[in-house]
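# Structure at a glance
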Amino acid sequence: MPLVHSLIRSVVPAAVPTRLAELQPDGSVRCGVCAHRCLVRPDRAGICGVRENRDGVLVSTVYGAVAAIGVDPIEKKPLFHVAPGTLAYSIGTPGCPFHCMFCQNWEIAQAPRLGTTVSTRHMPPERVVDAAREHGAAAIAYTYVEPTIFLEYALDTARLARAAGLLNLFVTDGYATPEAIGMLAPVLDAANVDLKSFSDAFYRRRCGARLAPVLDALQAYRRAGTWLEVTTLVIPGENDDPSELRALAAWLVENLGAETPWHVSRFFPAFRMLDVPPTPIATVRRAVEIGREAGLVHVYAGNAPELGLEDTRCAGCDALLIERRGYRVFSRLTDTGSCSTCGRALAGRNLARGPERPGAPRGAPCG
Ligand code: SF4
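Residues numbered from 1 in each chain as written. Predicted model: local features only at pLDDT ≥ 70, side-chain atom pairs only at ≥ 80, totals over all residues.

### Details of the environment of Leu 211
Mapping Leu 211 onto the fold places it in the loop between helix H7 (200–207) and helix H8 (212–224). Overall, Leu 211 belongs to the partly exposed group, with 19 C-beta atoms counted inside 10 Å. With 36 residues separating them in the primary sequence, Leu 211 and Ala 247 have C-alpha atoms 13 Å apart. Leaving out residues up to four positions away in the same chain, Leu 211 has contacts with Ser 199, Asp 200 and Tyr 203. (Helix = DSSP H or I, 4+ residues; strand = E, 2+ residues; numbered from the N terminus. Buried ≥ 20, exposed ≤ 12 C-beta atoms within 10 Å, placed from the backbone. Contact = placed C-beta atoms within 7 Å.)

The following block contains the structure:
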């Protein structure tokens, strides 16, 4: 795509050479970070808009260029089985390899594609880690846009974060190549992967992508030992067909395991889908039922607090393990992250007590 993001470039000290780039005989560079595998011609950028071919070198124009920062409950990512009740220092740069028509962060994700400007703040990796610790976070989340587009920045930050005792979390579209996952996995603790639909036509029409690479990436993350939670935004008339949801849930059980958390999230109009109504509550409830009927143990309803389907129950004895009310978390897990009734360990990461966020009564009995 043409180079349009002059403001982004103006606030980044220097463009940084990228990893997984192969120079071609004609001066083009093949990027191997995501499944688009863009062939980037000289003085052009890849589909994400932030990896540019400058004189045969593919460079990242967003290394350290943070467009969004948040200190969020880890449950907001959403990650329900990782360090419950803690904070995740969350960052994202401009750009994205997808162009989802329902994107909620389109102002930053689609800025390069739209040719709009976006303000960024320069934060070198060490500054991100320092800020996370200053805010009492247990983790750094690479999020808001697809984080593989800033692979080099995420890797450098994640290595420092790991050394500082922080968790590293990806909130991702699941389009990373096996090579990129191989580089990320050693420093990545958990990922929430969007499985936006179980239809390749939906991925092509609504996101500018394909389904198969996402399924491949989910399996690659699992093989690499990254804790996975999966999110599906259910959009009326788009991906809410019960048979499609049933097939998706069955795939999760078969390929990722019955104890993989599945977050079924309610859609609200955004970006280029302003004319589509919010998902009916009954549809979200039915999707949760479909997940459970398929054999998934931990199915959660997102953006639908009226359903009260956000609690975690034991896979062994069905005892209530973690109660959630909004972002308030009431954990009944033992200090080792197990069920206090039957002793079964809850699937997840860092479920024992960790740094608690203010006002989050972890370990307290449910009212
Ligand atoms: S990260 Fe993906 S979209 Fe961006 S240049 Fe590389 S292959 Fe293309």
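### Section: the site of the ligand
Of all residues adjacent to the ligand, which total 13 residues, the nearest are Cys 31, Cys 34, Cys 38, Gly 46 and Cys 48. For the shell around the ligand, the residue count by class is nine nonpolar, two polar and two charged. (Near = placed C-beta within 6 Å. Nonpolar A, V, L, I, M, F, W, Y, C, P; charged D, E, K, R; others polar.)

### Observations regarding the packing of helix H9 (residues 242–256) against helix H10 (residues 281–294)
Two elements in contact, H9 and H10, have axes whose closest approach is 9 Å; the angle formed by their N-to-C orientations is 40 degrees. Between H9 and H10, the interaxial angle falls into the category oblique. Seen from above, H9 lies across H10 with right-handed handedness. Note on element contacts: H10 touches H9 through Arg 286, Ala 287, Ile 290, Gly 291 and Ala 294, opposite Pro 242, Leu 245, Arg 246, Ala 249, Ala 250 and Val 253. Looking at the contact of H9 with H10 residue by residue, the classes come out as eight nonpolar, one polar and two charged. (Axes fitted to C-alpha atoms, helices over the stretch in contact; angles between N-to-C directions. Parallel < 35°, antiparallel > 145°, perpendicular 65-115°, else oblique. Left-handed = near helix turned anticlockwise from the far one by under 90°.)

### What to know about the packing of helix H4 (residues 125–134) against helix H5 (residues 151–163)
Across the interface, H4 lies against H5 with an axial gap of 8 Å and an inter-helix angle of 45 degrees. As far as their axial angle goes, H5 and H4 are oblique. Crossing angle aside, the handedness with which H4 passes H5 is right-handed. From H4, Pro 125, Glu 126, Val 128, Val 129 and Ala 132 reach across to H5, where they touch Tyr 153, Asp 156, Thr 157, Leu 160 and Ala 161. Within the contact of H4 with H5, the residues separate by chemical class into seven nonpolar, one polar and two charged.

Honestly, it's all geometry; don't read function into it.
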